[in-house]
Amino acid sequence: MSPKADPPAPKPKRPGAAVPEARKTLSREAWIAAAIGVLEKKGIANVKVDRLSRQLKVTRGSFYFHFRNLKDLLDSLREEWRQRNCRPFQDLLDVEFSDGLACFDAVTGVWIREDPFSPRLDLAIRDWARSSAAIAAEVTRQDDFRMSLLVDAFMAMGYDADESLIRARITYFQQIGYYATYFKEPPAERKRFRPLYTRILVGKAGH
């Protein structure tokens, strides 16, 4: 009987040959970040599992590893907005301000710092609210709450209830308009103009 032949030696790999990668699975945070990007640029109608999968170059299975369904992802987008754009204002309820001007500066500072507040995400949520009664109701509640902080600030400065409300509206609508028109201004310029904006918006009572 002839001896058993040795198995053939493995072929050497060509220099630079690609090594097969393990199946790519993204984190939940990566999916949310990608969905927010689509929401901000193209609107809620374009936040779809298939489109995100193609964009991220992964299978749908990666999505369902982290989310039950599309609604689960959309709920996560709403929660991201709450944490980044709503929570900073809510946290101001726990702060004791020395006077109304300090309160005003704290409220407007949330917008000016943009950390973690995201103007683009806020606008995207407002656009989403046009097609969702639930989102619209939540946006309205947040608008009312933010303006209530400004009303409190103006009342602490000595304005009566009506004037405090109107000044709060002017301040708030000015800020929303700032983002809605996609007005571009260098951060240094914005900081330089902040005292002037404050002086004009708060009037004599704040000084």
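Description of the structure in this document.

Quick notes on the rules
Residues numbered from 1 in each chain as written. Predicted model: local features only at pLDDT ≥ 70, side-chain atom pairs only at ≥ 80, totals over all residues. Heavy atoms only, no water. Buried < 20%, exposed > 50% of the residue type's maximum accessible area, 1.4 Å probe, protein only. Helix = DSSP H or I, 4+ residues; strand = E, 2+ residues; numbered from the N terminus. Arc of directions from axis to C-beta. Contact = heavy atoms within 4.5 Å.

1. Quick word on helix 2 (residues 49–56)
Among the residues of helix 2, Val49, Leu52, Ser53 and Leu56 are the ones counted as buried. Each buried residue of helix 2 lies within a common arc of 100 degrees when the element is viewed along its axis, so the set occupies one face. On its buried side, helix 2 packs onto helix 1 (28–42), helix 3 (60–66) and helix 4 (70–90). At the C-terminal side of helix 2, lysine 57 shows a positive phi close to 60 degrees.

2. Considering unusual backbone geometry
At the junction of aspartate 115 and proline 116, the peptide bond is cis and its omega measures out at 15 degrees in the coordinates. Following the sequence through the fold, proline 116 ends up in the loop between helix 5 (100–113) and helix 6 (119–129). Despite not being glycine, lysine 57 has its phi angle at roughly 60 degrees, a positive value. In this fold, lysine 57 is placed in the loop between helix 2 and helix 3. Residue classification places lysine 57 among the exposed residues on the basis of a relative accessible area of 71%.

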